[in-house]
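# A structural walkthrough
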Amino acid sequence: MYKHIQKLSLRFYQENPTGKIMSKVMGDTRIVSNVFTHNTIQMIVDVASVIFALGIMIHLNWELTLVLVGFLSLYILNYRYFLPKVRGKQSFRRFRMDQVSSGLVEVLSEQKTVKSFAQERRETRVFVHRLRNALDIGLQGVSYSATFSFFSSLVSGLGKSTIYCLGCYFVIKGGMTYGDVLALSAYAARIFMPALRFSEISNTMAITTISLRRIFEILNTPVEIKDVPEIGRAHV
């Protein structure tokens, strides 16, 4: 990414302030790196665990398995409702933080001019105003994220309780043994826990996709002036 930036024309630097470029190079790459480093192996293990547990549950009682699948569909509804809102707020917050970073870099690099004209208070008010706007938008995104996590936990708790209660009902009717109910409840927990983790990861991925899009905004910027490979270094 840094190598590509070095090849871009001066017009790119005129259209993109230094603070915005630094935010993408340092902040966005760090976010993407952390997500893919810490979550990839866990996601592979969770997928394998869910497939195995679903197979055992279908063998034990397909009716309760259908109930579990119904609760899993609530995760999808929760995801489709809240994640676009989280992604939109986080994207707008990153845009505001770019403005804060750009203004900060410009002011710090021109401190002689700021002090010469006694503009310290004005620049402080402008910085605080921009930062407050970014924080307000960030808090809205956090509220959506918290609500999304709450409903995910609620679905997980209701799902496990419902499967256990229905299993006990089948025991009373003579359709199952209590040992089967305990086994089904254990396997259901092995499914709900990865589903709950995936909900939390998807919340993080909503932020990561924004960082990826911002990174590719730079990587997809065409190089307007290319080096001619035939021309080598001049020899004196």
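In the block above lies the structure referred to throughout.
Figured I'd write up the structure that's included with this text. (Residues numbered from 1 in each chain as written. Predicted model: local features only at pLDDT ≥ 70, side-chain atom pairs only at ≥ 80, totals over all residues. Heavy atoms only, no water.)

Another point: the overall build of the protein. Across its full length, the protein carries 7 helices and 0 strands. Tracing the protein from N to C terminus, the helices and strands come up as α-α-α-α-α-α-α. Since a compact globule built from 236 residues should have a radius of gyration of about 18 Å, the 26 Å found for the protein marks it as more spread out than a globular shape. Within the span of the protein, comprising 236 residues, buried residues form 31% of the whole. When contacts within the protein are restricted to residue pairs at least 6 apart in sequence, long-range pairs at least 24 apart make up 85% of them. As presented, the protein carries roughly 15200 Å² of accessible surface, and 65% of it is formed by carbon and sulfur atoms. Across the protein, the mean location of the 28 positive side-chain charges is 4 Å away from that of the 16 negative side-chain charges. (Helix = DSSP H or I, 4+ residues; strand = E, 2+ residues; numbered from the N terminus. Rg over C-alpha atoms; globule rule 2.2 N^0.38 Å. Buried < 20%, exposed > 50% of the residue type's maximum accessible area, 1.4 Å probe, protein only. Contact = heavy atoms within 4.5 Å. Areas by Shrake-Rupley, 256 points an atom, 1.4 Å probe, with all protein chains shown as cover. Lys, Arg positive; Asp, Glu negative; His and termini not counted. Charge placed at Lys NZ, Arg CZ, Asp CG, Glu CD.)

Let's shift gears to the layout of surface pockets. Size it by volume and the largest pocket reaches roughly 380 Å³. Val50, Pro194, Ala195, Phe198 and Ser199 are the residues nearest the centre of the largest pocket, which is lined by 17 residues in total. If you list the elements that add at least two residues to the lining of the largest pocket, you get α3 (18–60), α4 (62–109) and α7 (178–219). Counting residues per element, the lining of the largest pocket draws most heavily on α7, which supplies 8 residues. Residues belonging to the lining of the largest pocket are distributed by class as follows: 13 nonpolar, 2 polar and 2 charged. Estimates place the volume of the second largest pocket at around 200 Å³. For the second largest pocket, the lining is made up of 14 residues, of which Gly103, Val107, Glu123, Thr124 and Phe127 are closest to its centre. Class assignment for the residues of the lining of the second largest pocket results in 7 nonpolar, 3 polar and 4 charged. (1 Å grid on protein atoms, 1.4 Å probe; cavity = no way out; pocket = protein on both sides within 12 Å on 5 of 7 lines; lining within 4 Å. Points joined across faces, edges and corners; volume = space filled by probe spheres on them. Nonpolar A, V, L, I, M, F, W, Y, C, P; charged D, E, K, R; others polar.)

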